[in-house]
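Chain by chain, the residues:
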Amino acid sequence: QNYYALLAARGQEESGCLDEAHKDQRTCRNDDKCEWSFRTCKEKVLCPRPDPKPRQNMLLVNGGPAWVALIYEAKNGRSLLDDDMLGHVDKFERILMTTANGAQTTRGAPSPWDEDWCLKAYPSGNDNHTGKCAATSSFLNMFSMNAHSRQVTAQQVRDGFSTSGPLSCMCSDSDALCAVCTPGGGLKGMDNMTQFLMNPMYAWPASVTSCITQYAVQNAAATAQRANQTQTESMCSRTLAGAPIQALLPMLASFCSTNPTCQWEPPGSGGFCSSTAFYRATDADGLVEGAEKERVMSRMCDEQDLKWMGMRKSFLPASFDCQSEDKKAQFARTTFFPGGDGKDAEGENFETNYVGGMRGWFMSEQALEMQIEKESGGDLRVMLFSASTLRQQFLGILIVDMCLSITSLVLVWAYMWWTLESAFLASCAMFEILFSLPVAMSLWTVICRQQIQFFQMLTVYMILGIGADDAFILQDAWLQSRYLGGEETDGDWKTRFAWAYKRSFNAMAVTTATTCGSFLIGAFSPLPQVRDFCIFAAVVVFVDWVFCETFFASAIVVHERFLGCGFQKGQCMGPGCCCGLWRCCAAACCKSLVGEIPPPGAPPQKRAMERWFEGSLFNSLVKGRCGFIVLWCVVIIGMCANAGISLRTATKANPQGRESLDTIRGAEILANEFTVFGVPAVSMVWGLDDEQPISEWGSTHADNVASHSPAAIASFVSPEGQRELLSLCRAADRG
C-alpha cells in the first residue's frame, strides 16, 4: 500500500507529447510541437544539429552506439591504484587506442584505432580543422593530469576544444582558489556594487580579463548575426562559448560559493577547465605520482568536490571505501566509442571487416589482454565488452557448450554400444531418446499452448540417462527370453518377443510413472519457470517411454532377424563394442573380465559386473556388515552435522556462470559494482498516513487516491523535519 500510495502521491500521468492521447499517430501528427518517430510520439527538436563532420558522431551497430567497455579487476589482494598496476593499465590502453596491437582489416591492411576509428572532437569557431580523437571515459584520466597534461589541456582549450567559452579563462596550472573568487566564497568585485555594475571585471586579474575580451571579439560576428535571426534561430545559435560575461555572472557567483579550484582538469570532470579532445593515449605523458597522486585521492573522496566525487563514482566501484587508510580499488572501468557518420552501413563494415577476422581488432585485443595480464604476474585481469563483439563472445561460449553437449551424446552412445553390443541398437536407442524432445515440444506448444523456455532444453541431459536405462531393461529381457522363457518361448522369435515385452513392460511402466509423478509434483510450484520445467520434463519422460516400447522394441526384432552377423562372441566381427574388437582383446589379455567363450547354443555366462556384485562385493559386505553399518552411520551423522554447522545465509548471489569467462565475470562485476543503467532515482513522499496510506482504491494504479496525514506534514515543514530532509539528501550525495 505504501508503494501504491507513493505512485498516487507522485502522479504518473505524463504531459505533452508523452501523454495517453498522443499515443495515437493522428493526434501526434496534428500537434505542431510533436513528431511521430519509431512508433512513438516525441517532442520536436527545435534546434536540429548541423550535418556531422567525419567521425563526429558515434558509430552505430544494429541501430545503437558501438560502445566499448573495459573492466579491470585486481587479483591476489592487489589494488588497481598501485603505481605498477596503473602502469599496466596505462600500457594496455595506450596500445589499444593507438595501434590496436597491429589490428588489420579483412584485406590485411593495418588499421590503427586513432587514425581510422576513434570518435573525433572538433574545435569551435574553426570549420577548417580536421579534428582529433575525442576524450575517452577512463579512470586513468584522474591520474593523468601532471604538468605535461595540464599544458596540453590548456593549449587545446585555447585552440577551441572546449564548450565553456569565456569561463575557461579562469583556469590555470596552479591548484589554488579560482582567480575570480574571494576566500569568503564570493565573486571578486561584488563588494563595490556601483563599480561592479559598470564593469564586472574591474577587480579580476588582467590575464582573465584579456582572455574574456578576446572571446568577445571572436564572437562579435556571431552576435551580430543573431540580431537578424528569428527568435527560434537566435536561441538555437546561442552557445556558452559565445555568451557575454554579463550573462554568466549568476553562474560564477554560485560557483565561487563553493571555494573552487580552477586548475586544469581531466576530461569527464564536468567542469569548464577540461578539454573535449584530451586523448590520453597520445596526449598524456605518464601518470601523477607522489604528492600529486595523494591530492587526486583526496579530491575524489571530498564530499564538497562534486566533480571529482562524480568521476570516482563513474569509474571506481561502489565497494571503494574512502574512509579506509589504504583506499584500495579492486575494480575499475573505461568506456570509449568509435566514430562514424551515424549510419548502420558503416557499422556493418566496422563489425565485419575490422572487428572480425583472425587478425582483426577483437583477436588483437585478446592477444594484448593476455600479454598485459602475463606482464602483471597474474595480478591484473582485463575484460572487454563491446556492442560489436558481444555476439562473437557469446557465440564462443555457445560453441564450447555445444561441443560439450555433443561429447555427452557421443559418450552415452558409445556406452550403449558397449553394453548392447550392437551399433545398430545403440543408434536406434539414441534416436528414440533425442526424438522424444521435438515430439514433446510439439505437444507443449500445440496442445498446451505454451512457449519453450531455455531451462526446458536442459531435459536432454536427464532423458539421456532415463532413455538409456529403458533400452537396457528391454534388451536384457530379450536376451533372457532365449534361456529363461521355457516353454512360453519355444525358441521362436515371436514368442520370445511376447515374453520379453511382457516382462519389461511392467518394469519400465512403473519407473516411468514414478518419474513422471515426481516431476508433476513440481506443477504446483508458484514459480513459473520451475512449474513449466517439471511439466515439460514429465511429458518428455512419457514420450520417451512410448518410443522405447514401440520403436526400440521393433529395432530389437529387426536386429535379431535381419542383422545377425553369424559370428560368435569373442570372435572378430562378432557381437560387442567396436565389432567385437573389445571382447577379443579382453579375452586375450584378461579372461576374468569376459569369462570363457561359450560354445554355440550354450546358455550365456554372467557378465563381469554381475560376477563381481554377487561374488567379491557380496562376500565383503556379509563379512564386514557390522563395520559397514557403523561406518555409514558415522558418515551420515557427520554430513548432517556439517550441513547444520556450515549452513549460512547467502551473502552474495550465485555466479551467473564460469568466472573464467570474461563476459560472465565482467557482467557480474558491472551488475554488482557499477551503475549500469544510469543513476538510480529514489522517490520519497512525506505526509502519507502510516496506517492507511491509500484512502480509495481505483481500478488502476493511477486511479488510487493517497491518504494524507496533517500531522506528518506538520512535522515535515518544521525545522527539525527540514534538517532531516537535508541530511537525507546529503546522504544520497555521499552514495
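Residues numbered from 1 in each chain as written. Predicted model: local features only at pLDDT ≥ 70, side-chain atom pairs only at ≥ 80, totals over all residues. Heavy atoms only, no water.

Description of the packing of helix α16 (residues 390-420) against helix α18 (residues 459-484)
Piece 1. Their axes nearest at 11 Å, the elements α16 and α18 cross at an angle of 10°. Put simply, α16 runs roughly parallel to α18. For the pair α16 and α18, contact is made by Ser405, Ser408, Leu409, Val412, Tyr415, Met416, Thr419 and Leu420 and by Tyr461, Leu464, Ala468, Ala471, Phe472 and Gln475, respectively.
Piece 2. A breakdown of the residues in the contact of α16 with α18 according to their chemical character gives ten nonpolar, four polar and no charged. (Axes fitted to C-alpha atoms, helices over the stretch in contact; angles between N-to-C directions. Helix = DSSP H or I, 4+ residues; strand = E, 2+ residues; numbered from the N terminus. Parallel < 35°, antiparallel > 145°, perpendicular 65-115°, else oblique. Contact = heavy atoms within 4.5 Å. Nonpolar A, V, L, I, M, F, W, Y, C, P; charged D, E, K, R; others polar.)

Notes on the state of the cysteines
Piece 1. Within the structure shown, the criterion is met by eight disulfides.
Piece 2. Covalently, Cys28 is tied to Cys41 through a disulfide, its sulfur atoms 2.1 Å apart. On the sign convention where negative is left-handed, the bridge of Cys28 and Cys41, at about 85° about the S-S bond, is right-handed. Of the two residues, Cys28 sits in helix α2 (residues 25-30) while Cys41 sits in strand β2 (residues 40-43), which places them 13 residues apart along the sequence.
Piece 3. Overall, Cys41 belongs to the buried group, its relative accessible area being 7%.
Piece 4. Across a sulfur-sulfur distance of 1.9 Å, Cys171 and Cys273 are joined as a disulfide pair. Between Cys171 and Cys273 the sulfur-sulfur dihedral comes to about -90°; the bridge is accordingly left-handed. One end of the pair, Cys171, is in the loop between α5 (147-158) and α6 (193-198); the other, Cys273, is in the loop between α10 (245-256) and α11 (280-283), with 102 residues separating them in the sequence.
Piece 5. Cys171 gets classed as buried once you look at its relative accessible area, which sits at 10%. (Disulfide = S-S within 2.5 Å. Buried < 20%, exposed > 50% of the residue type's maximum accessible area, 1.4 Å probe, protein only.)

Structural notes on empty space enclosed by the protein
Piece 1. By the definition in use, this model includes one cavity of 30 Å³ or more.
Piece 2. The calculated volume of the largest cavity comes to roughly 30 Å³. (1 Å grid on protein atoms, 1.4 Å probe; cavity = no way out; pocket = protein on both sides within 12 Å on 5 of 7 lines; lining within 4 Å. Points joined across faces, edges and corners; volume = space filled by probe spheres on them.)

A closer look at the confidence of the model for the protein
Piece 1. Across the protein, the average pLDDT comes to 83, with 86% of residues at 70 or higher.
Piece 2. Of all secondary-structure elements in the protein, the lowest mean pLDDT belongs to helix α22 (residues 591-594), at 53, while helix α3 (residues 83-96) reaches the highest, 96. (pLDDT = per-residue confidence, 0-100.)

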